[in-house]
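One-letter residues, chain by chain:
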Amino acid sequence: MRAEDKDTRGPRWRAILEARWRDRLQEVIELSGAYYAATAEPAGGIEDRRARRLLRQAVVARQRLADTEAALTRLATGGFGRCEQCATPIVPVLLAAAPETRYCTRCGTAEIAPGNGHKERAAPPRLVPAQRIPAGRP
Ligand SMILES: [Zn+2]
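Conventions and cut-offs
- Residues numbered from 1 in each chain as written.
- Predicted model: local features only at pLDDT ≥ 70, side-chain atom pairs only at ≥ 80, totals over all residues.
- Heavy atoms only, no water.
- Donors = N, O, S within 2.8 Å, 3.2 Å for Na, K, Ca; no water.
- Tetrahedral: all angles 85-135°; square planar, octahedral: opposite > 155°, others 65-115°.
- Helix = DSSP H or I, 4+ residues; strand = E, 2+ residues; numbered from the N terminus.
- Buried < 20%, exposed > 50% of the residue type's maximum accessible area, 1.4 Å probe, protein only.
- Salt bridge = Lys/Arg side-chain N within 4 Å of Asp/Glu carboxyl O.

S.K.: Please give an account of the coordination of the zinc ion that cites residues and values.
M.R.: Only Cys83 (SG), Cys86 (SG), Cys104 (SG) and Cys107 (SG) from the protein reach the zinc ion as donors, at distances of 2.3 Å. One way to put it: the four donor atoms around the zinc ion meet at angles of 106 to 115°, and that makes the site tetrahedral. Here the donor residues of the zinc ion share one chain and are spaced in sequence as C-x2-C-x17-C-x2-C. Pair noted here: Cys83 is in the loop between α2 (45-77) and α3 (92-97) and Cys107 is in helix α4 (residues 105-108), with a separation of 24 residues, a long-range link. With a relative accessible area of 1%, Cys107 lands in the buried category.

S.K.: Go over the pattern of salt bridges with me, naming the residues and quoting the values.
M.R.: Under the counting rule described, the total for this entry stands at five salt bridges. Ionic pairing is found between Arg14 and Glu18, a salt bridge with its closest N-O pair at 3.5 Å. Placement of both Arg14 and Glu18 in helix α1 (residues 11-40) is noted, with a separation of four residues, approximately one turn of the helix. With its nearest N and O atoms 3.6 Å apart, the salt bridge here joins Glu27 to Arg64. Taken together, the residues Glu27 in helix α1 and Arg64 in helix α2 connect sequence positions 37 residues apart.

Now the structure itself:
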């Protein structure tokens, strides 16, 4: 085992990710329930806006839940804590802020402009818990 992997294995991260998974699942359940309750009410301008807002929030919450599930999968398969693009260890401060992070600080900024080399990436790293896979990647 590489020295930098020691902190990204074992029960500590599993406990953190499972707690986040439970919180996010609860959020999805609550938002979905609120959305269906809102749509069951008689149609009206304010209610329609509220239902649309709840739906958007539910979609975001479901994506965040999926991101946490993906991180749990990486933890089980050994890829957790390493950049999915270049395999560099993800800096601990970024991982602590967002355990679902898939990319290192360099590759993470590539989401703005997929295909750029590291040298062209000038943007600062983003602390985004729910990072998306850039377009065109498997
Ligand atoms: Zn990387």
